[in-house]
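# Structural features, examined
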Amino acid sequence: MPAAPPRHSLPCESHSIPHPARPGQKRREGQGSRFSPILLRRAPDRFMGSSARLSGRKRSVHEILGGGILADVVLWRRRDASIGIVLGMLAAWLIFERSGYTLLSFVSNVLLLLISILFTWAKAAAILNRLPPPIPEMHLTEEVMNEAAVRMRSHVNMALLAFQDIALGKDSKLFYRVAISLWLISIIGGLSDFLTLVYTSLVIILTIPVLYERYEDFIDRYMKLACMEVQMYKRTYAEYFQKVKYWIVDKKKLS
């Protein structure tokens, strides 16, 4: 009688096929269908796919950021503007930190220098019969002011409505979110001054989104893998605490 061919085990067979329950023993729900953390770490592509995105997101990073000029600057698609913003903020930070200037004194000196140059230029041009400084007519139209007022009104009304809900105790989750946010801002503000905080925030805004867009598949894959492991451990600890709870109840009944 010919020997039976060797049986090749399937990958993850011991983790994906449930074991038969013993007589009188109920198989736990989900037993045998879990994946071990070691297996998940070694073969993420097998379970995740190469283009897994967090929360089923279908929009790109550029679309999430608005898809306009701001998104182009943040994602370094307009390199001149992005580099100019970074260098400008770096120069401002060095000026204020090293020279001892304050924001008010710096703005006042710059404006004083600007109007002095323009005034001298205009007077010299009138004496020498030359053209005055090429300054365009500067004014705000009524349409622009109305549009700005409408936008500001909607944002102010949203803030006032949120404040009213918090003050009257209608939204507890909003209260906790606002309280935690203000507490974190207070801690961060105590660790650094305002200018350093603005410069650091700007550097983060101009680096994190572009790095995420470049390595989006890699980051999403491993973030989803981490979420799967957290859910697995959460289920395990929930079962453990449930056993402890039943054990405590049984002890109280016996006593």
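By convention here, each chain's residues receive numbers from 1 onward along its written sequence. For a predicted model such as this one, the threshold for reporting local features is a pLDDT of at least 70, and the threshold for listing and counting side-chain atom pairs is 80 or more; totals across whole chains, interfaces and linings nevertheless cover every residue. No hydrogens and no water enter the side-chain calculation; it runs on all heavy atoms of the structure.

## Here's the deal with the overall build of the chain
Stated precisely, the cut-off is as follows: Numbered from the N terminus, helices here are DSSP runs of H or I no shorter than four residues, and strands are runs of E no shorter than two. The buried label applies to any residue whose accessible area, calculated with a 1.4 Å probe on protein chains only, is under 20% of its type's maximum; exposed applies above 50%, and partly exposed to all values in between. Shrake-Rupley sampling with a 1.4 Å probe provides the accessible areas, and residues are treated as covered by the protein chains on show and by no other component.
In terms of regular secondary structure, the chain is built from 11 helices and zero strands. Mapped from its N terminus to its C terminus, the chain presents α and β elements in the order α-α-α-α-α-α-α-α-α-α-α. Across the 255 residues that make up the chain, the buried fraction comes to 15%. Summing over all exposed atoms, the chain offers an accessible surface of approximately 21,200 Å²; the carbon and sulfur share of this is 66%.

## What about the packing of helix α10 (residues 194-214) against helix α11 (residues 216-254)?
Heads up, the rule is: Under this scheme, a helix contributes an axis fitted over its contacting stretch, all axes are lines through C-alpha atoms, and angles between N-to-C directions fall in the 0 to 180 degree range. We call two directions roughly parallel when the angle between them is under 35 degrees, roughly antiparallel when it is over 145, roughly perpendicular when it lies between 65 and 115, and oblique otherwise. Two residues qualify as a contact provided that any one of their heavy atoms is within 4.5 Å of a heavy atom in the partner residue. Classes in brief: Ala, Val, Leu, Ile, Met, Phe, Trp, Tyr, Cys and Pro nonpolar; Asp, Glu, Lys and Arg charged; the others, Gly included, polar.
Between α10 and α11, whose axes approach to 5 Å, the crossing angle comes to 90 degrees. Regarding the angle of α10 to α11, the classification is roughly perpendicular. Across from L211, Y212, E213 and R214 in α10, the residues of α11 making contact are E216, I219 and D220. Partitioning the contact of α10 with α11 into residue classes produces three nonpolar, no polar and four charged.

## Some thoughts on the environment of I219
Position of I219 among the secondary structure elements: in helix α11. Relative accessible area serves as the criterion here: at 30%, I219 is assigned to the partly exposed category. Not counting residues up to four positions away in its chain, the partners in contact with I219 are L211 and Y212.

## Some words on the environment of A81
With respect to the helices and strands, the residue A81 is situated in helix α6 (residues 79-98). Look at A81 and you get partly exposed, because its relative accessible area is 31%. A81 sits 12 residues away from I69 along the chain, and the two C-alpha atoms are 9.9 Å apart.

## With respect to the confidence of the model for the chain
Close inspection of predicted coordinates is inappropriate in any region flagged by low pLDDT. The test is simple: Per residue, pLDDT captures the predictor's confidence, and it can take any value from 0 to 100.
Confidence in the prediction for the chain averages 76 pLDDT; 77% of positions are at 70 or higher. Contacts from residues 1-52, a stretch scored under 50 in pLDDT, to residues over four places away or in other chains number 51 contacts.

## Overview of the pattern of salt bridges
Quick note on the threshold: Each salt bridge in this description consists of a side-chain nitrogen of Lys or Arg and a carboxyl oxygen of Asp or Glu lying within 4 Å of one another.
Applying the stated criterion across every chain yields a total of three salt bridges. Residue E147 pairs with R151 through a salt bridge whose shortest N-O separation is 3.0 Å. Here E147 and its partner R151 are both found in helix α8 (residues 142-167), four residues apart, which amounts to about one turn of the helix. Taking relative accessible area as the criterion, R151 reaches 54% and is therefore assigned exposed.

## With respect to helix α7 (residues 103-127)
Selection rule: In this scheme, a helix's expected span is set at 1.5 Å multiplied by one less than its residue total.
For α7, spanning 25 residues, the distance from its first C-alpha to its last is 36 Å, which sits close to the expected 36 Å at 1.5 Å a residue. Phi turns positive, to about 55 degrees, at N129, one or two residues after α7.

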